[in-house]
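Remarks on the overall topology
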Amino acid sequence: MKTEQTKKPASRQQLVKKTAIKHILDSNWRDYHWQLENAIRTIGAFEKLTGITFSEEERKELEETMNKFPMSITPYYASLIDRENYRNDPIFKQSFPNPAELTISKYDMTDPLHEDKDSPVQGITHRYPDRVLFLVSNRCSMYCRHCTRKRKVGDPDHIPSKKQIEAGLNYIRENRQVRDVLLSGGDPFLLPDAYLDWILTELRKIPHVEVVRIGTRTPVVLPYRITDRLVNMLKKHHPLWLNTHFNHPRELTHSAQEALRKLADAGIPLGNQSVLLAGVNDCPQIIKKLNQKLVQNRVRPYYLFQCDLSEGLSHFRTPVGKGIEIIESLVGHTSGFAVPTYVIDAPGGGGKIPVMPNYIISWSTNKVVLRNYEGVITTYKEPDSYEPIFCDRNCKECVLQLKLDEAEERPPIGVEKLLGDSDDAISLIPHGNKRLKRREKKAS
Ligand SMILES: *Cc1c(COP(=O)(O)O)cnc(C)c1O
């Protein structure tokens with residue numbers, strides 16, 4: 001009798017073969033149009049492709065879940081699922097509905113990052129001073145179960161029209177401080193080449209737009225989308241950056257690596273944004289392996305996200321401590337460029353906030369005491385004399401020779417304001433502070 005202990009686990013290669021052999025024989029397997037047309041959207045189709053079956057009761061729960069949050073999985077991505085142990089499989093967990101998604105907790109929100117509230121025109125989120133998020137496509141080939149924009153997934157109302165894209169482009173044209181445009185969605189690579197070419201061409205015509213970046217998960221879930229034709233089109237629009245979304249080392253298949261090679265060879269700097277997901281990658285070893293494999297493929301780990309407070313994600317969330325533990329196990333232990341910045345995207349639209357283990361242990365007037373990744377405690381002696389350059393933000397008069405144009409001159413924001421010499425503020429006070437209200441009352 002075969003038992004879990006004695007059975008030699010099948011290699012992933014073998015499993016891919018077992019699950020997808022009849023489709024791989026189909027010469028269309030590598031055609032991304034075929035992958036999109038054959039995206040798995042029903043339990044029946046999933047069962048047919050993978051050979052995994054569900055009970056009547058499970059089916060009912062799954063269908064209820066899919067009524068609220070639809071399913072779509074590319075046959076390619078589904079073929080990576082380990083059928084023998086699918087319930088613990090990171091590919092399965094990221095792509096297949098889980099009835100736990102229907103559990104909405106008190107702290108869950110439909111739009112936790114206030115992307116719609118911080119939106120001057122539909123499709124644009126203008127959160128930071130110098131860059132905007134531009135949602136140009138609502139389509140995705142695979143619906144990530146952990147999507148932060150779950151509210152929009154599969155909703156045809158949100159497919160932006162050409163007129164809407166024009167309005168977004170106009171907003172960028174009219175706002176000279178926007179020097180970085182982040183195309184996302186949906187997945188911009190689900191737009192036809194010519195349409196994306198048009199958007200990029202229009203953006204490139206805007207003199208103040210210095211860089212454009214694309215956020216796409218196609219290298220992970222639909223690597224065949226990265227065709228020579230697409231890459232040759234993208235090449236015309238440099239400086240173009242690209243961020244993708246690998247969460248587990250198992251996703252770095254030969255096809256995915258080939259897609260990354262094409263993009264990197266086209267001179268596109270590649271970054272990766274992972275999400276920390278319970279039961280998928282909440283392990284220092286997994287994240288280390290993932291990031292090491294990414295840099296091997298010329299992808300620079302960019303962010304590791306704490307899971308957002310979007311509705312239906314509670315079963316994916318970890319404590320923040322897990323993220324800190326993971327960063328602790330990376331810094332110093334592996335290449336600096338294999339370490340992403342761990343961030344919490346502030347609920348309410350505050351933007352991404354980096355979170356780090358504490359490395360500074362103490363401080364005196366001339367010494368900083370730090371500890372390193374091994375636990376060694378060290379001192380850094382600060383200079384005995386340092387003449388700070390007085391800064392009233394008058395860069396024209398400053399000896400440091402920075403040449404700014406008008407659009408770049410801006411008043412300091414937040415804590416920056418308290419640190420510099422140019423602003424009289426000595427404190428930042430929350431709106432509606434009661435103590436200060438009492439003060440006002442006393443004065444009047
Ligand atoms: C993440 C994000 C950006 C880009 O932030 P970076 O830290 O520059 O990568 C811009 N706008 C919005 C709304 C975002 O969520």
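Everything numeric in this text was worked out from a predicted model, so none of it was measured.

With that out of the way, let us pick up the nonpolar core. Within the largest apolar cluster, 72 residues are counted, with the highest numbers of intra-cluster contacts made by Ile172, Leu183 and Leu234. Summarising the domain contributions, this core has at least three residues from each of domain 1 (12–99) and domain 2 (124–358).

What the three strands build is an open sheet, ordered β10-β11-β12; its pairing is antiparallel. Both edges of this open sheet fall to β10 (360–363) and β12 (377–381), since each of them pairs with a single strand only. Direction aside, neighbouring strands of the sheet carry axes that sit 25° apart on average. Strand direction decides the pairing type here: β10 and strand β11 (residues 367–371), joined by three bridges, are antiparallel. Within the sheet, the bridge partner assigned to isoleucine 360 lies in β11 and is leucine 370.

For helix α4 (residues 56–68), built from 13 residues, the straight-helix expectation of 18 Å at 1.5 Å per residue is met to within 8% by its first-to-last C-alpha distance of 19 Å. If you check which residues of α4 are buried, you get Leu62, Thr65 and Met66. Each buried residue of α4 lies within a common arc of 95° when the element is viewed along its axis, so the set occupies one face. Structural note: α4 exposes Glu56, Glu57, Lys60 and Asn67 on the side pointing more than 90 degrees away from its buried face.

A cluster of basic side chains, namely Lys434, Arg435, Lys437, Arg438, Arg439 and Lys441, defines a positive patch on the protein surface. Note on placement: lysine 434 falls in helix α15 (residues 434–443). A relative accessible area of 67% means that lysine 434 is categorised as exposed.

With that settled, the discussion passes to the site of the ligand. Around the ligand, the surrounding shell consists of Thr125, Arg127, Tyr128, Arg131, Leu133, Leu182, Arg213, Tyr302, Tyr303 and Lys352. Take arginine 131: an N or O atom from its side chain is 2.7 Å from an oxygen atom of the ligand. Taking tyrosine 302, its side chain carries an N or O atom lying 2.6 Å from an oxygen atom of the ligand. Secondary-structure elements contributing two or more residues to the shell around the ligand are β1 (124–128), β2 (131–137) and β7 (299–305). Looking at the shell around the ligand, the element that brings in the most residues is β1, giving three residues. Taken together, the residues that form the shell around the ligand break down as five nonpolar, one polar and four charged.

Pairing of β1 with β2, which is carried by three bridges, proceeds in the antiparallel orientation. Opposite isoleucine 124, over in β2, you have phenylalanine 134 as the bridge partner.

Looking now at the pairing of β11. Linking two consecutive strands that pair antiparallel, namely β10 and β11, is a turn of three residues. Bridge count for β11 against β12 is five bridges, and the pairing is antiparallel. Opposite leucine 370, over in β12, you have threonine 378 as the bridge partner. Following β11, the chain reverses through five residues before pairing antiparallel with β12; glycine 375 in that reversal takes a positive phi of roughly 95°.

With that settled, the discussion passes to the packing of aromatic side chains. Under the criterion given, the structure shown has twelve aromatic pairs. Summarising the aromatic geometry, the rings of tyrosine 195 and tryptophan 198 are spaced 5.6 Å apart at their centres and angled 45° between planes, so their arrangement reads as tilted. Of this pair, tyrosine 195 and tryptophan 198 both sit in helix α8 (residues 193–204), three residues apart, which is roughly one turn of the helix. Ring geometry for tyrosine 303 against phenylalanine 305: centres 5.5 Å apart, planes inclined by 65°, an arrangement best described as edge-to-face. Taken together, the aromatic side chains of Phe46, Phe54, Tyr86, Phe92 and Phe96 make up a single cluster linked through ring pairs. Against the face of tyrosine 128 rests arginine 131, its NZ or CZ located 3.9 Å from the ring centre. Residue placement shows lysine 162 over the ring face of tryptophan 198; its charged tip is 4.4 Å from the ring centre.

For the structure shown, the criterion picks out 32 salt bridges. Across the pair glutamate 311 and lysine 68 runs a salt bridge whose closest N-O atoms are separated by 3.8 Å. Of this pair, glutamate 311 sits in the loop between β7 and α13 (320–328) while lysine 68 sits in helix α4, and the two are 243 residues apart along the sequence. With a shortest N-O distance of 2.9 Å, glutamate 251 and arginine 217 are connected by a salt bridge.

What follows concerns the confidence of the model for the protein chain. Overall, the prediction assigns the protein chain a mean pLDDT of 91, with 93% of residues at 70 or greater. A low-confidence stretch, residues 1–12 stays under pLDDT 50, and its non-local contacts, those more than four residues away or across chains, total six contacts.

Glancing now at the packing of helix α3 (residues 43–50) against α4. One can describe the packing of α3 onto α4 by two numbers: an axis separation of 11 Å at closest approach and a directional angle of 120°. Between α3 and α4, the interaxial angle falls into the category oblique. When α3 is examined against α4, the residues Ile43, Gly44 and Glu47 are found in contact with a partner set consisting of Arg59, Leu62, Glu63 and Met66. Residues of the contact of α3 with α4, tallied by class, amount to three nonpolar, one polar and three charged.

Procedures and definitions
Residues numbered from 1 in each chain as written. Predicted model: local features only at pLDDT ≥ 70, side-chain atom pairs only at ≥ 80, totals over all residues. Heavy atoms only, no water. Core = buried A, V, L, I, M, F, W, Y, C linked by side-chain atoms within 4.5 Å. Buried < 20%, exposed > 50% of the residue type's maximum accessible area, 1.4 Å probe, protein only. Domains from an automatic or database assignment. Pairing = 2+ DSSP bridges. Helix = DSSP H or I, 4+ residues; strand = E, 2+ residues; numbered from the N terminus. Axes fitted to C-alpha atoms, helices over the stretch in contact; angles between N-to-C directions. Expected span 1.5 Å × (residues − 1). Arc of directions from axis to C-beta. Patch = residues over 30% accessible without salt bridge, like charges linked within 9 Å, V, L, I, M, F, W, Y side chains within 5 Å. Areas by Shrake-Rupley, 256 points an atom, 1.4 Å probe, with all protein chains shown as cover. Salt bridge = Lys/Arg side-chain N within 4 Å of Asp/Glu carboxyl O. Lys, Arg positive; Asp, Glu negative; His and termini not counted. Charge placed at Lys NZ, Arg CZ, Asp CG, Glu CD. Near = heavy atom within 4 Å. Polar contact = N/O pair within 3.5 Å; in protein donor to acceptor, adjacent residues only side chain to side chain. Nonpolar A, V, L, I, M, F, W, Y, C, P; charged D, E, K, R; others polar. Phe/Tyr/Trp six-rings, centres within 6.5 Å; stacked < 30°, edge-to-face > 60°. Lys NZ or Arg CZ within 6 Å of the ring centre and 35° of its normal. pLDDT = per-residue confidence, 0-100. Contact = heavy atoms within 4.5 Å. Parallel < 35°, antiparallel > 145°, perpendicular 65-115°, else oblique.

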